[in-house]
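Next come the chains, spelled out residue by residue.
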Amino acid sequence: MKRLIVLLATLLLSFGLTYGQTQNMVSLKACEDGKITEPLDTLRTGIASSFVVALENDQLLGGMGLGFVIWSDDGATWTWNDTGNSKPGPPSTATEFYVRKLAGTRMSVDGDDDIWDMGGFLVTYKDVDNVSPDSIMVGGVAMYVGLPVGPLEDMVELLGIPGGTVDPDEVKTLCIDSVQIADAAPFVYVDETGATFVPLVAWAEGGLCYPVTNVRNLCPEFADGLPTAMTVDHCGSNSVGLSATDKEGNAISFKLGGTTGTGAAIVTDHGDGTCTVSYTGTAADVGSPVTIDVIVEDAFNPDCDSWPLTVTVTNNAPTIDCGLDYNPIGFDAIMVKDDIVGSDADDCDGLAYALVPPLTGDQAIDGSTGVFTWTTTMDDIATSEHIITVSITDGIADPVTCTFRIDVLLTEPYELVIEKMHDVIQGHYVDLPIWITKGSEEMGGFDLLLAYDPTVLTFTEASLGTFFQNCGWEYFTYRYGSHGNCGNGCPSGEIRVVGMAETNNGPVHPDAVCLENADEDGEILVNLTFFVTTDVNANGQFAQVSFFWMDCGDNVISVASGDTLAISRFVYNYYGSDGMDSYIEVTDNTWGFPGMYGAAVSCETRTDKGRPIRFIDLFNGGIDIIDKDDIDDRGDINMNGLPNEIADAVMFTNYFITGLSAFGNHVDGSIAASDTNADGTALTIADLVYLVRVIIGDALPYATKPAPGALFDVKTQLVNGNMNVSVETGVDAGAALFVFDVSGDAGTPVLHNNMDVVSSFENSELRVLVYNIGSEAITSGDLMTIPVNGNAELISVEASDYNGSMMESSFYALPSNFSINQNYPNPFKPTTNISFNLSAASDWTIEIYNIVGQRVNTFSGYSEAGTQKVVWDSKDASGKSVASGIYFYKVTAGANSATMKMVLMK
C-alpha cells in the first residue's frame, strides 16, 4: 500500500495538471464533539472539535492529494486528538499522523452498493513557519480503485481541540485553508486514466477563519427520568435516588435546598454523581404535600440546578372491636367490659378511647386501655336496651367507632358463695355450706359442678339447704364426677349437685319465690359433708373447694319460668390477708373447657335453646385445717397450760381405760397433745411410756415445734448416670433417711464426708441411711453420689438434729438439662408465667417477639441451677400493653436456647 501511495505522490508531482470539469469540488465545515451534522460558527477552547472534508466528483477517480494549513495570527492553537483514529497506536514516525476517515457508501452507476476503500490514506503534518506563525500543515494522499461518481459527502475528519490562553471575554481566531503538498497544487485529483486536475474549492480564497472563545465552566445537570415524588408513612421514612452529570467532568455535589415539611429531610451525597434523598414523616405532615428541593453544584458553579420532590405523608386509621355485642346486667351491679380492643398499623401512634354521646347512664371508659365500666341503678331499667358507641382515634385520622348492647334487667344477679371454714380439726366430719347471698329473680333450679382434693377431703353426702326445703323443693340429687371424660384436665375429686323446685307430679307446685324472703346475709343452698383426713401431712393446709366447668351446662341457675338460663359472670378465689377474709377475681372466659375460670365465651353465642345470660357471681371457698401446734402443747393432756406433769399422766392413763370421755370437753386438744414421742401418731401406749419417762426425768420432752433454724433442705440432680445429693441445713444433723424411686439399677452410695452409710435396694426402692455412732454430723454442702443406671427420684426425706429432735425436711430435684416450659396459663390475659430449667448456674435472657418477628420485651438475670420463673404482664418494653395475638418467647442460657409459642387473648 505504501508503494501505491508513493507512486501516487510521484504522479502528483510529475504530471502536469489538467483542469477538469468544475463539478469536482472540495468543501469544509467545523463541528464540535463529533457532531458532524451540526456545523459551528465559533470554536470553544477545551472542547473537542473537528474540520470535516467533503468530496464531490462527476467522474471515476483513481486517487487524490489533499493539503491543509491551520494557523492563528493572535495566539489561538490547535491540539491534535487521535482518539478514534482509523488506525491504532501512535504515529510510526514523526511525520505521520492518523486522521479519522469517514467511510461512506456511494451508489454506483448500475445501482449496486460500492464501499469506498480508504485504507491507503496517509496523512503527514509539519510546522510551516514560513507560511504563518504557529501554523500546522496537514496533507495526505490516497489511491483508490475506481472511486465512483457521487455528490458532496463527508470523507475526512481532522480532529483537534482549540486551545490557547483566551480571557473570558476575549475572542481569538483559528484559520484553515488549502495548501499544496511539495510542488503540486493545493488539491489534486487523479482520474482513472492517471490524469490529474484541480477540483474546485467550496470556500473563499484565503481560507476559513473561526472565532475561538473561552469555555465558561458549565453547570452540572440532573439526569433525565428521575423520580419526582415518593410516599412516606408518618411513623417511618422512605428514600429515592437522584443523579447528575457534568460535561467537564468536574466533581459533583448535592445538598438540601429546603423543605416545607415538619419531618426530617436528609440528602446523602455518595460522591459519585449520585445521592439519596430520604424523608422521615410526622403526623403534622399528613394531608399536606411536602416539597423537597435538592440542589446540585460543582466547585465552579454553586447552586446550579434544583430538583423538586413531592412527598405524600400517609397515616393508617386505627381499627376497633367492641367484643361481645350482647351484655346483660342487673341493676345496682358493676359492669366491667375489658374486651374492647383497638389497634393501629402505625406503631408510633397513641390510641385514645372515648364514649360517643348521647350516653344512657353513668358510663365511663378508660381512655388508654378501653376498659368500660358502669355501675347501674334502678333508673337505668327505664331503657332496658342500651346501645353503647365507643370511638377510637390516633389523633390524626377521623375517629372510628363500634357499638355493643347492654340490657339492664329488673333483677339482681345471683351470688353463690362456698363458705371458707376456719380452724377445722383433722379427723372430723364437717358440713361445708354453699350460700346464695344475692339474686332477686325467681329460681327454678340449679346444676353445680364442684372440685376438691380427695387426698385431704373425703366427700360423704350433699343435702339441700333448709331454706329451700322449707320452700317445698321436690327434686334434689348428687353424684360423684362429671359427665364425659376430661382426661388430665379433670380435678381428682368432683361432685355434681342438681336441684329443681318441682317434678312432673301434677298440680303440686312449691313456692319458688323464696329468695325474695331470704335474710340479708343469704341462705344455704346446699350442704356438702366431708371427712377431714387424719394424715399429719395435711396439718395446716387449706383444702379448697371450687366451682368447675366441663361445659356450658355447669354451675347454672334457671329462673322459675325456665326460659332464661343464668351462667357465670365473675369467679373469685379466697385468700386471707392480715387476718381478713378476702377474694381475688380469677375470671377468664377465654380459657375454655375444662377449667376453673367460668363459662367459656362460646356459651354466650349459643342459639339452639335461647341465649344464656351472665348473671351469677361465684366465690370459691374450702376448709382451713388448723395446725395442731396452734391448739396444744405437746404433753399437756389436761390442757391446763403445764405440759408433762403428773396430772397429764393420770388423765392419759384414764383414757386407756375409759376412752375419749376421759378428756372431757377438750377431746381434740388432748388428742393433739398426746403425741409425746413426736412420732406423728397420737394416743399410743408409746406416747404414755414416753410421757412417764419425761415426768420422772429419764427423757427430755420433745419441743412443741422443731427448733428455730432446724431445716433440712435436700437438692438432687441426676447427671451422667450419677445422682448427686447436696443439703442445706440450719443446724448440724445427726442422721438422715433418704428414699428413692429407681427405674433401673442403683449402686452403692459414696459419701463426701466422714459419716456412715447403709443402703438397701429392693422392688425399685432405694433406702439410704446416713448416720454416725461418734461425733460426726451432716453439715451443709455435697453429701453423696449414687451411681444410677436408669432414672431415680427422691420421694421422701427424714432427718434428725444432733440432739435427736426431728427437723423440717424438704427436697427438690434440680434439672438435669436445660429446658423451657409452656407458659401458664396459655392462652392468657393479662399475665402469664414463663419458666425454664437450668442444670447449672448461668446468665439467662428471655426475649418476647410478636408474630412479625419484632421484639416487644426482654428479661434477663443470673440464677443458680433450678427452675426459674418470670411473669409477663403483656406489656412492651415501654410499658404499653400489646395487642391480642400470637407471641413467641425465646429463652437463652449460656450456649442453650429454645423458643415456644403463647397466645394473648383480651
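Use the structure listed above.
Residues numbered from 1 in each chain as written. Predicted model: local features only at pLDDT ≥ 70, side-chain atom pairs only at ≥ 80, totals over all residues. Heavy atoms only, no water.

Residue-level account of the state of the cysteines, with values.
Enumeration over the complete set of coordinates arrives at 5 disulfides. Bridging cysteine 235 to cysteine 348, the disulfide has an S-S length of 1.7 Å. Note on the cysteine 235 and cysteine 348 pair: the S-S dihedral is about -70 degrees, so by sign convention the disulfide is left-handed. A residue pair is termed long-range when its members are at least 10 positions apart, and cysteine 235 in the loop between strand E18 (229–233) and strand E19 (237–245) and cysteine 348 in the loop between strand E28 (341–343) and strand E29 (352–355) qualify at 113 residues. Note on cysteine 235: relative accessible area 25%, which makes it partly exposed. Residue cysteine 348 is classed as partly exposed on the basis of its relative accessible area, which comes to 45%. (Disulfide = S-S within 2.5 Å. Helix = DSSP H or I, 4+ residues; strand = E, 2+ residues; numbered from the N terminus. Buried < 20%, exposed > 50% of the residue type's maximum accessible area, 1.4 Å probe, protein only.)

An account of the side chain of serine 546 is needed here, citing residue identities and associated values.
Mapping serine 546 onto the fold places it in strand E42 (residues 542–547). A polar side-chain atom of serine 546 sits 2.6 Å from a polar atom in the side chain of glutamine 544. Excluding anything up to four places from it in sequence, serine 546 contacts Ile418, Leu449, Leu450, Ala451, Met596 and Asn620. (Polar contact = N/O pair within 3.5 Å; in protein donor to acceptor, adjacent residues only side chain to side chain. Contact = heavy atoms within 4.5 Å.)

Give me the lowdown on the pattern of salt bridges, citing residues and values where you can.
Applying the stated rule across the entire model yields 11 salt bridges. For lysine 255, the salt bridge is made with aspartate 303, and the minimal N-O distance between the two is 2.8 Å. Placement of the pair is lysine 255 in strand E20 (residues 253–259) and aspartate 303 in the loop between strand E23 (290–297) and strand E24 (305–314), with a sequence separation of 48 residues. For lysine 255, a relative accessible area of 32% puts it in the partly exposed group. With a relative accessible area of 46%, aspartate 303 lands in the partly exposed category. In this structure, aspartate 624 and lysine 420 form a salt bridge, with 3.3 Å as the shortest nitrogen-oxygen distance. (Salt bridge = Lys/Arg side-chain N within 4 Å of Asp/Glu carboxyl O.)

Can you lay out the sheet that holds strand E30 (residues 363–365) for me, pointing to particular residues and giving the numbers?
Read from one edge of the open sheet, 3 strands run E27-E31-E30, paired in antiparallel fashion. On the outer flanks of this sheet lie strand E27 (334–337) and E30, each paired with one strand and no other. When strand polarity is set aside, the average angle formed by the axes of neighbouring strands in this sheet is 15 degrees. Inspection of the sheet shows E30 paired to strand E31 (residues 372–375) by 3 bridges, in the antiparallel sense. Looking at E31, one finds that glutamine 363 is bridged to tryptophan 374. (Pairing = 2+ DSSP bridges. Axes fitted to C-alpha atoms, helices over the stretch in contact; angles between N-to-C directions.)

Explain the packing of aromatic side chains to me, using residue names and the numbers behind them.
Enumeration over the complete set of coordinates arrives at 20 aromatic pairs. Taking 5.3 Å as the distance between ring centres and 80 degrees as the angle between the ring planes, the aromatic pair formed by phenylalanine 372 and phenylalanine 404 counts as edge-to-face. With phenylalanine 372 in strand E31 and phenylalanine 404 in strand E33 (residues 400–409), the pair connects residues that are 32 residues apart, well separated along the chain. By the burial criterion, phenylalanine 372 is buried, and phenylalanine 404 matches it. When the ring of phenylalanine 459 is compared with that of tyrosine 478, the centres are 5.6 Å apart and the planes differ by 85 degrees; the resulting orientation is edge-to-face. Of the two residues, phenylalanine 459 is situated in strand E38 (residues 457–464) and tyrosine 478 in strand E39 (residues 475–480); the sequence distance between them amounts to 19 residues. The exposure class of tyrosine 478 is partly exposed, given its relative accessible area of 30%. What links up through ring pairs into an aromatic cluster is the set Phe542, Phe570, Tyr572, Tyr574, Tyr583 and Phe619. (Phe/Tyr/Trp six-rings, centres within 6.5 Å; stacked < 30°, edge-to-face > 60°.)

Tell me about unusual backbone geometry, residues and numbers included.
Here tyrosine 824 and proline 825 are connected by a cis peptide whose omega angle stands at -10 degrees. Assignment of secondary structure puts proline 825 in the loop between strand E56 (819–820) and strand E57 (832–838). Note that the residue after asparagine 826, namely proline 827, is joined by a cis bond; omega there is 0 degrees. Mapped onto the elements, proline 827 comes out in the loop between E56 and E57. Backbone geometry places asparagine 555, a non-glycine residue, at a positive phi of 55 degrees. Along the chain, asparagine 555 falls in the loop between E42 and strand E43 (556–559). Positive phi, close to 50 degrees, is recorded for asparagine 720, a residue that is not glycine. Along the polypeptide, asparagine 720 turns up in the loop between strand E48 (711–719) and strand E49 (722–729). For asparagine 720, a relative accessible area of 74% puts it in the exposed group.

Provide a residue-level description of the pairing of strand E59 (residues 855–863), including the pertinent values.
The pairing of strand E58 (residues 842–850) with E59 spans 8 bridges and is classified as antiparallel. For aspartate 843, the partnering residue across the bridge sits in E59 and is tyrosine 862. With antiparallel pairing between neighbouring strands as the criterion, E58 and E59 make up a hairpin whose turn holds 4 residues, including glycine 853 at a positive phi of roughly 85 degrees.

Help me get a handle on the sheet that holds E19, residues and values and all.
Strand order in the open sheet formed by 4 strands is E17-E19-E22-E21, with antiparallel pairing between adjacent strands. The two strands at the open ends of the sheet, each matched to only one other strand, are strand E17 (221–222) and strand E21 (264–269). In this structure, E21 lies alongside strand E22 (residues 274–280), joined through 6 bridges in antiparallel fashion. Residue pairing across strands places isoleucine 266 opposite serine 278, the latter belonging to E22.

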